[in-house]
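Each chain is listed here by its residues.
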Amino acid sequence: MHKLAKLKQMTRTERRLLLQAWLLLPVVRILLWLTGYRRTLANLQRLLSLNANADLAATANRERQQQAATLGRLVNMAANHSLFEFNCLPRSLVLWWMLRRVGLAADLRIGVQKEAHVFEAHAWVEYAGVPVSDKSSDRYVPILSSFAPVLPTSFPS
């Protein structure tokens, strides 16, 4: 299917979230480069606290899983259609932030693996213990997780 046709098939909310991810990815990448992981995460958490007064949507767990998967797909789509290349860390930070912003208790994970004398690190996001839009995370041993409080809000409609 042509890219424009895919965009036309999206709902208005999905297009808005795609644009939000597309704009946020370069900002997070620059923040990581300028300030490092800890300060970038702290800045994203500070932005979450500005939205702390919204109401939590009473949705079923299956519906929340679908919301998480949709956001994961949109962040990956935004990253794949950007002028810049984004590795797993900015993608995961943006996805984690967007999930938290809509009130989904997402966890940012950073893991490592050593295979054939090669050390690798990887970042991914989990919702309800399940990786969101990342199939390669099962090869890594988690060493770091986000522990930010979930701020209740509703999924945009």
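A. Representation of the pairing of strand β1 (residues 106-115) in the model. Among the 10 residues of β1, seven are classified as buried, and the element is accordingly described as predominantly covered. What sits between β1 and strand β2 (residues 118-127) in their antiparallel hairpin is a turn of two residues, with Ala116 showing a positive phi close to 55°.

B. Spotlight on unusual backbone geometry. With a phi close to 55°, Ala128 is a non-glycine residue in the positive phi region. Within the secondary structure layout, Ala128 lies in the loop between β2 and β3 (130-131). You can call Ala128 exposed: its relative accessible area is 52%.

C. Molecular detail of the nonpolar core. Formed by 35 residues in total, the largest nonpolar core has its most connected members in Leu93, Val94, Trp96, Met98 and Leu99. For this core, the secondary structure elements donating two or more residues are α2 (12-49), α3 (61-80), α4 (88-101), β1 and β2. Once you skip the residues sitting within four places of it in the chain, Leu93 turns out to touch Val28, Leu32, Tyr37, Thr40, Leu41, Leu44 and Leu108.

D. Structural view of the packing of aromatic side chains. The final tally for this structure, using the stated rule, is two aromatic pairs. With centroids separated by 6.4 Å and ring planes inclined at 70°, the aromatic side chains of Phe84 and Phe86 adopt a geometry described as edge-to-face. Relative accessible area serves as the criterion here: at 43%, Phe84 is assigned to the partly exposed category. Each ring, one from Trp124 and one from Tyr140, has its centre 6.5 Å from the other, and the planes form 40°; the classification is tilted. Here Tyr140 lies in the loop between β3 and β4 (141-145) and Trp124 lies in strand β2, a separation of 16 residues in the sequence.

Rules used in this analysis
- Residues numbered from 1 in each chain as written.
- Predicted model: local features only at pLDDT ≥ 70, side-chain atom pairs only at ≥ 80, totals over all residues.
- Heavy atoms only, no water.
- Buried < 20%, exposed > 50% of the residue type's maximum accessible area, 1.4 Å probe, protein only.
- Helix = DSSP H or I, 4+ residues; strand = E, 2+ residues; numbered from the N terminus.
- Pairing = 2+ DSSP bridges.
- Core = buried A, V, L, I, M, F, W, Y, C linked by side-chain atoms within 4.5 Å.
- Contact = heavy atoms within 4.5 Å.
- Phe/Tyr/Trp six-rings, centres within 6.5 Å; stacked < 30°, edge-to-face > 60°.

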